[in-house]
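# Survey of secondary and tertiary structure
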Amino acid sequence: GGAPDDEAVRQDFIDEDTDKDGKMSLDEWIAATFHDDPQSPMYGDGNPLQELTEEEKAEHRKIGQEEFVRFDANKDGKLTYEEVLEFVRGEEEEERRNHPDDPEPEGDIEESVKEMFQEMDMDTSGSVTLTEFLDVQYDIRDGEGIAAAEAEGGGDGKKPSSLKAAPPHVA
């Protein structure tokens, strides 16, 4: 398959853990996920990147949709900057509760979320649809992964939502 091996994943983590504390902070994750560097066409093991199967796309779509719902506080089918900021703040608070001895994160959460939101808001409408979220965060284009989900009984026979969402992709 096209999945990276454990060594490639370990090396990516080492590269992305910029303060070398052995943990991935929110700022490090955002920097690794949202950047201007071109994506490598190969995994760290030197094997060419392989296109996801429809089943894999369906799984990524499902995960992305679930994540989108967690972000969408008012359940209106689109994300605002405020919703994304509150979600990230909540995650940061939980991280502090779970790891009270860790140092406070460096950098401004609001600035990091602003950059992340601007990348997700592909049409600059001021809100992020499920389609935009899946595209940016999960590299799943509109319409991808739907047929396989329905074939496995995951579809409800209805037309897919026009909301946009994307899963985080590893740098």
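Let us look at the structure shown here. (Residues numbered from 1 in each chain as written. Predicted model: local features only at pLDDT ≥ 70, side-chain atom pairs only at ≥ 80, totals over all residues. Heavy atoms only, no water.)

### Quick word on unusual backbone geometry
Spelled out, the test is: Helix and strand labels come from DSSP, where a helix needs a run of H or I of at least four residues and a strand needs a run of E of at least two; each type is numbered from the N terminus. Buried, partly exposed and exposed residues are distinguished by accessible area as a fraction of the type maximum, computed with a 1.4 Å probe on protein chains only: under 20%, between the cut-offs, and over 50%, respectively.
The backbone of Thr 124 shows a phi angle near 50°, a positive value even though the residue is not glycine. Looking at the element boundaries, Thr 124 is found in the loop between helix H5 (109-120) and strand S2 (128-129). Residue classification places Thr 124 among the exposed positions, given a relative accessible area of 68%. A positive phi is found at Asp 139, a non-glycine position, where the angle reads about 60°. By the element assignment, Asp 139 lies in the loop between helix H6 (130-138) and helix H7 (146-151). In this structure Asp 139 comes out as partly exposed when scored by relative accessible area, which is 42%.

### Focus on the nonpolar core
We count it as follows: We call a set of buried residues a nonpolar core when its members are Ala, Val, Leu, Ile, Met, Phe, Trp, Tyr or Cys and they connect through side-chain atoms within 4.5 Å of each other. The criterion used for residue contact is that any of the two residues' heavy atoms lie within 4.5 Å.
Leu 79, Val 84, Val 88, Met 120 and Phe 133 are the most contacted members of the largest nonpolar core, which totals 21 residues. Broken down by secondary-structure element, the contributors of at least two residues to this core are helix H2 (26-33), helix H3 (54-71), helix H4 (81-98), H5 and H6. The residues contacting Leu 79, other than those within four sequence positions of it, are Phe 68, Phe 71, Asp 72, Val 84, Phe 117, Gly 126, Ser 127, Val 128 and Phe 133.

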